[in-house]
Amino acid sequence: MIKFLYLFLIVFLLQNSVVFSQSKINKSKKELNTNSGSKTTTTTSSSSNSNNNRSNNSNVFADIFVNITWGIFKYGFIGDYKNENHLNYNLTKYPYYNGKSGNFENAQMDSVSKNKARLDIENSFVYNSNSLFGNHLKAKIRPFQYLYFQSDFHQLFEINKIDNTNSRLSLFQFNLNYDRIRFEKFNFGWNLGATYVGNEVKKVGLAYGLNAEYFMNNNLSFSAASKWSQINNLPVNTLEFQSKFHKKNYFFSLGLEHLKIATPTYNFIALGGGIYF
């Protein structure tokens, strides 16, 4: 009996060591590489006679649907440039260049910025523990005040102390961003683009999200950004909360990042800085 218990204990420990030795990063990559079952659908064709009245009614409903959809898209996602003055606000050289404005300022102001384009570069060290950490590099290309392009690069590292191995995961995000609201102290908008997971995964998925930033009076700003995506029917999402202290054309940042890559989740403290060109 004692030998049996020892044998059972050894097998139990070996099984647990295998379970715990699999890192979160390796689990994310393994799940994203799992082929999703292809669903076969059978379509049956049926012919039906429709009279002219039904076709006319269908056309009327189709026109109404198109008009409602276009109205929601125009006024909800784009805005009315004739009646919403904030949509015509200009892009600033950098936040607080005049002591009060954020990313945008009133085009009617005498001290309006002459800047027509801007490049924002930011880098943060993300930390969870001594065995899980990484880096987040971000770039925003703003050709004018209307929209901008953003790219994010997460490089995550994980050290498995049980079997003394290292795991890496590269996450790339490319998005077109549009600020639906462009006030001096607050901007809010949406983004649309793609997410790519490198290393052994090498898969891409459509991405979309929201972002907002609020500027206080003491060179402090707070921002939140989210991006949702799917690869192989599994989520690849990022959520970011950040505070920035601005000094001339550069800033220091402190925040939190939450990543969900397949079923594993990753929570980081982010510390970094950036510069505006």
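Fair warning: this is a prediction, and the values are worked out from it, not measured in the lab. (Residues numbered from 1 in each chain as written. Predicted model: local features only at pLDDT ≥ 70, side-chain atom pairs only at ≥ 80, totals over all residues. Heavy atoms only, no water.)

*Asks:* Explain the pairing of strand S4 (residues 132-142) to me, please; I cannot follow it from the model alone.
*Replies:* Each regular strand shows side chains that alternate between the opposite faces of the sheet. As defined by bridge partners, strand S3 (residues 118-129) adjoins S4 across eleven bridges and the pair is classed as antiparallel. When the bridges of S4 are listed, phenylalanine 125 appears paired with asparagine 135. Connecting the antiparallel pair S3 and S4 is a turn made up of two residues. Bridging between S4 and strand S5 (residues 148-160) involves ten bridges; their strand directions are antiparallel. In the sheet register, leucine 132 faces S5, and the bridge partner there is glutamate 158. What sits between the antiparallel neighbours S4 and S5 is a turn of five residues. (Pairing = 2+ DSSP bridges. Helix = DSSP H or I, 4+ residues; strand = E, 2+ residues; numbered from the N terminus.)

*Asks:* How do you make sense of empty space enclosed by the protein when you look at a structure like this?
*Replies:* If a probe as big as a water molecule is rolled over the atoms, it shows which places are left empty. The tally for this structure, following the rule as stated, stands at three cavities of 30 Å³ or more. Residue lining of the largest cavity: 22 residues in total, with Lys140, Asn211, Ser223, Ala224 and Ala225 positioned closest to the centre. Of all the secondary structure elements, the ones that give two or more residues to the lining of the largest cavity are S4, S5, strand S6 (165-182), strand S7 (186-197), strand S8 (203-215), strand S9 (220-231) and strand S10 (234-247). Across the lining of the largest cavity, the residue classes tally to five nonpolar, eight polar and nine charged. Forming the boundary of the second largest cavity are 13 residues, of which Asp120, Glu122, Lys140, Lys244 and Tyr276 lie nearest the centre. At the level of elements, S3 and S4 are the ones that each hand at least two residues to the lining of the second largest cavity. (1 Å grid on protein atoms, 1.4 Å probe; cavity = no way out; pocket = protein on both sides within 12 Å on 5 of 7 lines; lining within 4 Å. Points joined across faces, edges and corners; volume = space filled by probe spheres on them. Nonpolar A, V, L, I, M, F, W, Y, C, P; charged D, E, K, R; others polar.)

*Asks:* In this structure, what is going on with the pairing of S3? I would like to understand it.
*Replies:* With eight bridges joining them, S3 and strand S12 (residues 265-276) adopt antiparallel strand pairing. For isoleucine 121, the partnering residue across the bridge sits in S12 and is isoleucine 275.

*Asks:* Looking at this model, I keep getting lost on the confidence of the model for the chain. Mind explaining?
*Replies:* Put simply, the chain has an average pLDDT of 85, and 77% of its residues get 70 or more. Within the model, pLDDT remains below 50 along residues 8-21, and this stretch shows five contacts once partners closer than five positions in the same chain are excluded. Below pLDDT 50 for its whole length, residues 37-49 participates in one contact with residues either more than four positions away or in separate chains. (pLDDT = per-residue confidence, 0-100. Contact = heavy atoms within 4.5 Å.)

*Asks:* What am I meant to see in the packing of aromatic side chains here?
*Replies:* Two aromatic rings are characterised by how far apart their centres lie and by the angle between their planes. The final tally for this structure, using the stated rule, is 16 aromatic pairs. Ring pairing ties together the aromatic residues Phe125, Tyr127, Phe133 and Phe157, which thus form one cluster. For lysine 24, the ring lying beneath its charged end belongs to tyrosine 266, and the centroid distance is 4.9 Å. Above the face of the phenylalanine 251 ring, lysine 244 is positioned so that its terminal group lies 4.6 Å from the ring centre. (Phe/Tyr/Trp six-rings, centres within 6.5 Å; stacked < 30°, edge-to-face > 60°. Lys NZ or Arg CZ within 6 Å of the ring centre and 35° of its normal.)

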